[in-house]
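Summary of the model geometry
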Amino acid sequence: RWIKMRKMTKGERIFSVFNYIILSILALLCILPMIHVLAVSLSSRSAVAAGVVSLWPVDFNLESYKYVMNKPEFLRSLLISIKRVSLGLLVNMFLTIITAYPLSKNDQQLRHRTILVWFFVFTMLFGGGLIPWYMTIRATGLLDTIWALIIPGALPVYNVVLLLNFFRNLPKELEEAALVDGANHWTILWKIYVPLSLPALATLTLFTVVGHWNAWFDGLILMNRPENYPLQSYLQTIIVQQTTVAGSFLQSEDWRILQLVSDRTVKTAQIFLGALPILIVYPFLQKYFMKGIVLGSLKE
C-alpha cells in the first residue's frame, strides 16, 4: 500500500488511553445497576433480605420469574405495551414520513414551506399544558382506550425535523430522473426516498419504540382502570406506589410462593423483564443509530 498510516504521537496515545479509561468507567456505571437488578431477581428471599447480593446471584433460583410470568396483571400490561408499541410505531412512522417528504422541498416546490416548518417547530417550543391536553383527549372520547396512548403523540416533530433534513441530503438527480420517467411524488417517496433512508428510519424506529415502551405517565392519567395500564404504568404502581405482591394483587394461593420470593425479588424480576425487549432490539438498530443522527442533523 502506498498510503502509510501516520503513527500516533506519545501525547495522542496518552489521550487515547485516557479516553478509553473514562469511557470504560462510564460504561460500567451504566451496566452495573442492571447487573445488580438481574442478580437480585435470581437470588433467594433470604439472601436478598440479608443484603449479601451484589453482582452475582446468591442461592440461584427462577421462582421470582415464575411468579411474575404467572401473574395475569403483569401479562395483561405486557400485552398492552406490545400492542401500544406496534400500533404507535406504524402510526408514528407513517405520519413522520409523509410529513417530512413535502417539508424537505424548497419554497419553489412547496409554497410557504418555511411557514409550515415553523408551525411544526412552534409546537416543540410551546405547549398548552397538562390540563388542556387532558381535556382535549377526554373531549375526543379517547380516555381508557389504547388510542389515548397513541393519537396525542402521533406526529413527533423532532423526528420530522431529523427525517426532512435527511431527505434534503439525498441526491436531487434521483427525483428529477424519476419525474422524467413519469413517476409521481407518492411513487418517488416510497420507491426511492424510503429505501435510501434506512439509517434515518432505523434511528427514528428506535426513538419511537423506546418512547412508547418507557412511557408510564400518560397511562396513569388517561386510563381510568388499572387493568388498562401499559407495562411501565403497572410497574410504577407496584414499585413507586408500593402496590406489591403483598398488597392488593395478592391472592390466597400466593402464600406458598411468597416463602421463596420477596417483594424485592419480584420487583427486580419485573423491572428486568420490562427492560429486556429494548435490550434485545437495540443491538440490531445500533449500527444505524449514529449514522442516522449525524446525517439527519445536517442541513444544506
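Residues numbered from 1 in each chain as written. Predicted model: local features only at pLDDT ≥ 70, side-chain atom pairs only at ≥ 80, totals over all residues. Heavy atoms only, no water.

Turning next to the packing of helix α4 (residues 72–103) against helix α7 (residues 157–168). Helix-helix packing: each pair is described by the crossing angle between the helix axes and the interaxial distance. Orientation of α4 relative to α7, taken along the N-to-C sense of each, is 50 degrees, at an axis distance of 8 Å. With respect to each other, α4 and α7 are oriented oblique. Relative to α7, α4 is oriented so that their crossing is right-handed. Here T96, I97, T99, A100, Y101 and L103 of α4 lie close against α7, whose contacting residues are N159, V160, L163, L164 and F167. Residue composition of the contact of α4 with α7, grouped by class: eight nonpolar, three polar and no charged. (Axes fitted to C-alpha atoms, helices over the stretch in contact; angles between N-to-C directions. Helix = DSSP H or I, 4+ residues; strand = E, 2+ residues; numbered from the N terminus. Parallel < 35°, antiparallel > 145°, perpendicular 65-115°, else oblique. Left-handed = near helix turned anticlockwise from the far one by under 90°. Contact = heavy atoms within 4.5 Å. Nonpolar A, V, L, I, M, F, W, Y, C, P; charged D, E, K, R; others polar.)

What follows concerns the nonpolar core. Formed by 31 residues in total, the largest nonpolar core has its most connected members in F74, L231 and Y234. Among the elements of the structure, α3 (63–69), α4, α10 (198–214), α12 (231–239) and α13 (263–297) are those that each provide at least two residues to this core. Here the element with the most residues in this core is α13; it accounts for five residues. Core analysis: the next-biggest nonpolar cluster, separate from the first, contains 25 residues, A100, F120, F166 and Y193 among them. (Core = buried A, V, L, I, M, F, W, Y, C linked by side-chain atoms within 4.5 Å. Buried < 20%, exposed > 50% of the residue type's maximum accessible area, 1.4 Å probe, protein only.)

A few words on the side chain of S77. Within the element layout of this structure, S77 appears in helix α4. On the basis of relative accessible area, S77 is assigned to the buried category, the value being 2%. A polar atom in the side chain of S77 sits 2.8 Å from the backbone oxygen of F74. Sequence-distant contacts of S77, defined by excluding residues within four places in its chain, comprise Y229, P230, L231 and Y234. (Polar contact = N/O pair within 3.5 Å; in protein donor to acceptor, adjacent residues only side chain to side chain.)

With 32 residues, helix α1 (residues 10–41) extends 46 Å between its outermost C-alpha atoms, agreeing within 8% with the 46 Å of an ideal straight helix rising 1.5 Å per residue. I31 marks the point of greatest bend in α1, at about 30 degrees, and the proline P33 comes within the next four residues. Three or more residues of α1 are buried, namely V37, A39, V40 and S41. (Expected span 1.5 Å × (residues − 1). Bend = angle between axes of the 7 residues up to and from the residue.)

Here V48 is to be found in helix α2 (residues 45–50). For the pair V48 and S262, spaced 214 residues apart in sequence, the C-alpha to C-alpha distance is 8.4 Å. What V48 contacts, discounting residues up to four positions off in sequence, is V40, S43, V53, R264 and T265.

In this model, the protein chain carries an average pLDDT of 84, and 86% of its residues clear a pLDDT of 70 or more. The least confident element of the protein chain, judged by mean pLDDT, is α13 at 75; the most confident is α4 at 93. Contacts for the low-pLDDT stretch residues 243–250, under 50 throughout, to residues beyond four places or in other chains number 22 contacts. (pLDDT = per-residue confidence, 0-100.)

Inspection of the entire model under this criterion finds five salt bridges. Between D144 and R225 there is a salt bridge; the shortest N-O distance is 3.1 Å. Residue D144 is located in the loop between α6 (130–139) and α7, and its partner R225 is located in the loop between α11 (217–222) and α12; the two are separated by 81 residues in the primary sequence. Owing to a relative accessible area of 19%, D144 belongs among the buried residues under this scheme. Of the residues examined, R225 reaches a relative accessible area of 42% and is grouped as partly exposed. (Salt bridge = Lys/Arg side-chain N within 4 Å of Asp/Glu carboxyl O.)

In this section: the environment of A269. You can see A269 is positioned in helix α13. Take A269: its relative accessible area is 0%, and that puts it in the buried class. Distance in space between the C-alpha atoms of A269 and V68 is 7.3 Å, their sequence separation being 201 residues. Not counting the four nearest positions on each side in its chain, A269 is found in contact with S41, S64, Y65 and V68.

What follows concerns unusual backbone geometry. For H112, which is not glycine, the phi torsion reads 60 degrees and is therefore positive. Turning to its location among the elements, H112 is positioned in the loop between α4 and α5 (113–125). The backbone phi angle of D144 is positive, close to 65 degrees, even though this residue is not glycine.

Where α5 meets α7, the closest approach of the two axes is 9 Å, and the angle between their N-to-C directions is 145 degrees. Along its contact with α5, which presents R113, F120, V121, T123 and M124, the element α7 presents V157, Y158, V161, L164 and R168. Within the contact of α5 with α7, the residues separate by chemical class into seven nonpolar, one polar and two charged.

All right, on to the environment of L38 then. Here L38 lies in helix α1. Look at L38 and you get partly exposed, because its relative accessible area is 29%. The spacing of L38 and S54 is 16 residues in sequence and 9.9 Å in space, taken between C-alpha atoms. Ignoring sequence-local partners within four residues, the contact set of L38 consists of Y65 and F272.

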